[in-house]
Amino acid sequence: MVIIENISLLRLANAISPNIILFLLFSCSSKEKPTLGGQRIKTRKRNIAAPLDPTAFADAVVQIYLDNAGDLELVAKSIESSDLNFSRYGDTFFEVVFTGGRTQPGTIKPDEGERHSYSVLDCEPKREAILPYVLYIQKTLRRRPFLIKNLENVTRKFLQSLELFEENERKKMAIFTALTFSQKLALTPETVFQPLLKDSLVAKGIVLNFITDFFKEYLRDNSLDDLISLLKKAKMEDNLLDFFPTAKRTPEAFSEHFMKEGLVAVVEYNEKKMFEVKLKEIKSMLTTLISEETDVDEVVDTVKQQVKEAKFPDIEVVRMLWDVLMDAVQWSGKNQQQNANSALRQVKTWAKLLNAFCSTGKLELELMYKVQVQCYEDTKLMKLFPEIVRSLYDLDVLAEDTILLWFRKGSNPKGRQTFVKALEPFVNWLEEAEEEE
């Protein structure tokens, strides 16, 4: 019986394919074997940052200043060859440059650690003393441009804390800030100027004194246009009065202060800027009155009141009136006759308004110059010059003497030869009528 079973098994083994046998052997050997250590859990690796140590960094920078006795050329070379981590402690570096050591967070009070006496705030409040520091920082930024953000951070922090500085220290900050822009250290104007608008600083007059010192220093190396461009980037060119305490926030106070400080160009710019704003307002108001076909007498009274309050020069009023009247005309493309009729109709309708402000021969002549320039620059009005002048004469806006003066001695060259020739028949008629009288 046993022999028969063995023979059967042998026959069965011979009948099974070798592949099946290999599969069965592999299955048996791949079973997980028990372990004594338990299951292993995989964990993610984490970067462990070294703890911040700004005190050690500040002490190292201070030591460089002390070792070189504050010689900025030597200090710059030593800092360049050092392995200090400026990318991590940029703010701390500029605190040491400005104050001689670290400052407490959110204040300008000295923090623990070493200090040196060769800082920006330790020097004299003069351009000659502060400029070397600006050049030193400029050299540092060229090698480490990423530090510009740290310079902005520290500058903003100190400007927001101006009230904590002494008066001469604030002057040093103003001179330093002006020189950073003159030397083009790539500071963002808005980042620097906006912190100055802190209410407590403005109310105490601290900002006004700071900005005055800043203007004086900046204009030593730069033009007024450069200053205006800087203020525009800082979004401050239209808000110069915001530097003044609320009680002194008037055009008169502005002019008085900066005239006293010798900044005449700043006063003239502000007056021009305010003039443009008021002119725009009056133009808008007048355009509305004309479009609503308001009674001429009412318009005259309204304009007179606005002009008086704005203290507009008479010549500017005449120019403005003509601009608004012509802008209000409904022009008809290239149809010359319709354009002529529209322009003459506008002149006739508002002649009383023009007459109210052309009260002297000089103002009448200014109106003629204004008509001349517009007819020269606007092709659709080129041929209308003699007709407009004739209409203004008939409506008693222009006197005969004014027209003859323009014809004989007019000084504006724009299209003059063409217009003189076009007006000649009318002038001849005036002269003949004068002789007959």
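Residues numbered from 1 in each chain as written. Predicted model: local features only at pLDDT ≥ 70, side-chain atom pairs only at ≥ 80, totals over all residues. Heavy atoms only, no water.

A. Seen up close, the environment of D213. Along the polypeptide, D213 turns up in helix α11 (residues 206-221). Considering only alpha carbons, one finds D213 and A178, 35 residues apart in sequence, at a separation of 8.6 Å. Beyond its immediate stretch of four places on either side in the chain, D213 contacts K171 and A174. (Helix = DSSP H or I, 4+ residues; strand = E, 2+ residues; numbered from the N terminus. Contact = heavy atoms within 4.5 Å.)

B. Structural view of the pattern of salt bridges. For the structure shown, the criterion picks out 21 salt bridges. Note that K198 and E163 form a salt bridge whose closest N and O atoms lie 3.9 Å from each other. With K198 in the loop between α9 (189-193) and α10 (199-203) and E163 in the loop between α7 (148-160) and α8 (167-182), the pair connects residues that are 35 residues apart, well separated along the chain. K198 sits in the partly exposed class, given a relative accessible area of 37%. (Salt bridge = Lys/Arg side-chain N within 4 Å of Asp/Glu carboxyl O. Buried < 20%, exposed > 50% of the residue type's maximum accessible area, 1.4 Å probe, protein only.)

C. Fine view of helix α17 (residues 336-349). Look at α17: 20 Å from first C-alpha to last across 14 residues, which is about the 20 Å you get at 1.5 Å a residue. Among all positions in α17, only N339, A340, S342, A343, Q346 and V347 are buried. An end-on view of α17 places all buried positions within 165° of arc, on one side of the element. Opposite the buried face of α17, by more than 90 degrees, sit the exposed residues Q337, R345 and K348. On the buried face of α17, the contacting elements are α14 (264-291), α16 (314-327), α18 (351-357) and α20 (385-394). (Expected span 1.5 Å × (residues − 1). Arc of directions from axis to C-beta.)

D. Region of the structure containing the nonpolar core. Y136 and F193 are the most contacted members of the largest nonpolar core, which has 71 residues in total. If you tally residues by element for this core, the top one is α11, at eight residues. Not counting residues up to four positions away in its chain, the partners in contact with Y136 are Y65, L72, V75, A76, I79, F93 and V97. Counting 56 residues, the second largest nonpolar core, distinct from the first, contains F357, L367, C375 and V420. (Core = buried A, V, L, I, M, F, W, Y, C linked by side-chain atoms within 4.5 Å.)

E. Broad picture of the side chain of T140. Residue placement: T140 occurs in helix α6 (residues 127-143). Setting aside residues up to four positions removed in sequence, T140 forms contacts with F93 and L147.

F. Seen up close, unusual backbone geometry. The backbone of E293 sits at a positive phi, close to 55°, despite the residue not being glycine. Residue position: E293 is located in the loop between α14 and α15 (296-310). Residue E293 is classed as exposed on the basis of its relative accessible area, which comes to 69%.

G. Region of interest: the confidence of the model for the chain. Confidence in the prediction for the chain averages 86 pLDDT; 86% of positions are at 70 or higher. Summarising per-element confidence for the chain, the mean pLDDT is lowest in helix α1 (residues 2-15) (46) and highest in α11 (96). In this model, residues 1-10 is a region of pLDDT below 50 whose contacts with residues beyond four sequence positions or in other chains number zero contacts. Segment residues 45-51 is flagged for pLDDT under 50; beyond a separation of four residues in sequence, or across chains, it makes four contacts in the model. (pLDDT = per-residue confidence, 0-100.)

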